[in-house]
There are 2 protein chains.
Amino acid sequence: MHLLVTGAAGMIGRKLLDRVAESGLPGGVPVTAMTLADVIEPDVAVGFGGSRTCVTADLSQPGTAERLIAERPDVIVHLAAVVSGEAEADLEKGYRVNLDGTRALFDAIRLAEDYMPRVVFASSLAVFGAPFPERIADDFHLTPLTSYGAQKAMGELLLDDYSRRGMLDGVGLRFPTICIRPGKPNKAASSFFSGILREPLNGQDAVLPVGDDVRHWFASPRAAVDFILHAAVMDTSVLGQRRSLTMPGLSATVADQIEALREVAGEDAIARIRREPDPDVARIVAGWPRDFDTARAREAGFRAETSFRQIIDVYLEDEMGGREPGAPAA
Amino acid sequence: MHLLVTGAAGMIGRKLLDRVAESGLPGGVPVTAMTLADVIEPDVAVGFGGSRTCVTADLSQPGTAERLIAERPDVIVHLAAVVSGEAEADLEKGYRVNLDGTRALFDAIRLAEDYMPRVVFASSLAVFGAPFPERIADDFHLTPLTSYGAQKAMGELLLDDYSRRGMLDGVGLRFPTICIRPGKPNKAASSFFSGILREPLNGQDAVLPVGDDVRHWFASPRAAVDFILHAAVMDTSVLGQRRSLTMPGLSATVADQIEALREVAGEDAIARIRREPDPDVARIVAGWPRDFDTARAREAGFRAETSFRQIIDVYLEDEMGGREPGAPAA
């Protein structure tokens, strides 16, 4: 089994490849070859025992997609994308990478003879746009309010069309907001959702720019990797013509997050959260979805965390290297 | 006021341009210049008194879009498309014309300085796919089951995104099945819906391949032109971020069609309809929508026929040149 991952150097790509290097695909499917593609050198899964090829390339450039599939990978995980903020700031780059890059990959597959790989496409909740019902069904209409969301929705349409025509075997995954993201805060408006847990767990202060009653939709990085691995091996006949699915997640408030942090790390950790209301962030977050009905994905076998305690435990196990919660890194 | 029409040589394009040449845009807005674009010479609106420029060109070819908007038309009606059957038979041509051509036009507009024209985009009910509810709401999810439908849905997403970003002022129109189409039968599975009326009205025999209880969604060619003219001048602020609308139409059965024909042309005309059940056509038509809730479009001022008698009367007035119903053309 040969696995190709685009966007291999990103946070999810790294975790996915490390997991595959360690234990293959679900159901004991062995991976004997990996192709790792990204615009920067994907320095991951270095301990992998099989054939490991790194390609530093931009999918939207002519010839790149053909090169990536030259060895006919059985499973392709397409994570490469320009993120939301950048796609909004640079319209041309967003369409070039998120639409043209995806289409170049799908077309290279289409034009290869006797070839129909499984393609796992990273889509996004950004395909949906407000106004929302309190709980958003899988068949809520596509109304993206960002260029990134429009590009991902177009990718879903391509995935459906090419799958229907038997040119590839696609599964599109709309990921929840990933929490707790490891590493440093970033400029995304959602950054605080990870920060108010991650920073106190590491003995640092964090800023909370919104009210405790703000509700959002979450899963851990580990759950995100689980989604991809399941999509790589699942029976796609259950999907019919609709190849994209809203992934399971946890609908939780900031208060739920803080309560789980208190349980794990005590009052000292809570005291590190500084409330600094930011009307701009509050306004952005007010337009975000709060809860989803993911019956379709759960019936298809996808699973995620069901409490914020579980989400924090994933961080402790995968990122803290055995340190006590609340202790600064050495 | 300068009007650009792509796909100007098609049936709707011709009728639109003849109407504009005669009476301008609604509300007495005068049209002083027209640019007519198509892959074949658009030999229409020849009596137009203003400046009339014909361009024989393919929008998906580099430089064409820039050429078409060089004079900064105030209103652009984008009808050019590869039809459903051809887009299914030739995937590359369908994506090139229906997606790349549309994007080339929108990008040329985006890159032109100080320019934000009204853009009327011809979308399609093919953006929706079965299974359907009995009556399909405007916010039913996009699930195209043809490449044509996928391309039109992607065009709608582009139109929304570029409108949201202030690069153009878009209105997307999802047309009903147009009936009665003038001219000869064609190979479309829907051809009989026009044929069972048009042929008897012209003293010829027609074949009905499905049962009398088959229900579908219709408007006349004249209503289609009315939709475009209204979209060209309407106040788009009522659309918010969702620029595409399911146009009003008439939900009617084959039996309703035949009854209206009887009223207009009598038993002799009815006797010209020969029932030859075709399971292939019946199967295709069974997957088509039967009824739509078009409250949004009606609130925005769009109107269509409310009986099949009206639809037939449009044909008599616009296509029969004063002949009696049932009389063969000279």
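Residues numbered from 1 in each chain as written. Chains lettered and ligands numbered in written order. Predicted model: local features only at pLDDT ≥ 70, side-chain atom pairs only at ≥ 80, totals over all residues. Heavy atoms only, no water.

Let's shift gears to the overall build of chain A. When you go through chain A residue by residue, the secondary structure sums to 11 helices and 12 strands. In terms of overall dimensions, chain A is globule-like: its C-alpha atoms have a radius of gyration of 20 Å, near the 20 Å expected for 330 residues. Seen along its three principal axes, the alpha-carbon backbone of chain A occupies a region of about 60 × 45 × 40 Å. Within chain A, the fraction of its 330 residues that count as buried is 56%. Relative to all contacts within chain A whose residues are 6 or more apart in sequence, the contacts with residues 24 or more apart total 76%. Put simply, chain A shows about 13300 Å² of open surface, and 49% of that area lies on carbon and sulfur atoms. Here chain A contributes 35 positively and 47 negatively charged side chains, and the mean placements of these two sets differ by 1 Å. (Helix = DSSP H or I, 4+ residues; strand = E, 2+ residues; numbered from the N terminus. Rg over C-alpha atoms; globule rule 2.2 N^0.38 Å. Buried < 20%, exposed > 50% of the residue type's maximum accessible area, 1.4 Å probe, protein only. Contact = heavy atoms within 4.5 Å. Areas by Shrake-Rupley, 256 points an atom, 1.4 Å probe, with all protein chains shown as cover. Lys, Arg positive; Asp, Glu negative; His and termini not counted. Charge placed at Lys NZ, Arg CZ, Asp CG, Glu CD.)

The next thing to look at is unusual backbone geometry. Of note, the amide linkage connecting Cys 179 of chain A to Ile 180 of chain A takes the cis form, showing an omega dihedral of 0°. Note that Ile 180 of chain A resides in the loop between strand E7 (177–178) and helix H6 (191–201). The phi dihedral of Ala 45 of chain B is positive, around 50°, even though this residue is not glycine. Summarising the element assignment, Ala 45 of chain B is placed in the loop between strand E2 (33–38) and strand E3 (51–56). According to the relative accessible area criterion, Ala 45 of chain B is buried, its value standing at 3%.

Residues annotated by UniProt as "domain: NAD-dependent epimerase/dehydratase" (unreviewed entry) correspond here to residues 4–217 of chain A. Helix makes up 35% of residues 4–217 of chain A and strand 19%, and the two end C-alpha atoms of the span are 29 Å apart. (UniProt positions renumbered as here; feature names shortened; annotations may be inferred.)

Let us look at the interface of chain A and chain B. A common way to state how big an interface is: give the accessible area lost once the parts meet. At the junction of the two partners, chain A supplies 31 residues and chain B supplies 31 residues. Surface buried jointly by chain A and chain B totals about 2600 Å² across both partners, of which 57% is contributed by carbon and sulfur atoms. The tally of links between chain A and chain B comes to 8 salt bridges. Ionic pairing is found between Arg 110 of chain A and Glu 92 of chain B, a salt bridge with its closest N-O pair at 3.0 Å. Taken together, chain A and chain B are joined by 20 residue pairs in polar contact (both at pLDDT 80 or more). Sorting the residues of the side of chain A that touches chain B by element identifies helix H3 (84–89), helix H4 (91–111) and helix H5 (147–164) of chain A as the ones contributing at least two each. For the side of chain A that touches chain B, the residue count by class is 15 nonpolar, 5 polar and 11 charged. (Buried area = accessible area lost by both parts, 1.4 Å probe. Salt bridge = Lys/Arg side-chain N within 4 Å of Asp/Glu carboxyl O. Polar contact = N/O pair within 3.5 Å; in protein donor to acceptor, adjacent residues only side chain to side chain. Nonpolar A, V, L, I, M, F, W, Y, C, P; charged D, E, K, R; others polar.)

Mapping chain A onto chain B leaves a residual RMSD of 0.0 Å; the transformation is a rotation of 180° accompanied by 0.0 Å of translation along its axis. As the rotation angle and translation indicate, the two copies are arranged about a two-fold axis. Scanning chain A for the C-alpha nearest the rotation axis identifies His 141 of chain A, at a separation of 2.0 Å. The overlap is high: 100% of the interface residues of chain A also sit at the interface in chain B, so the same surface is used on both sides. (Least-squares fit on C-alpha atoms with pLDDT ≥ 70 in both.)

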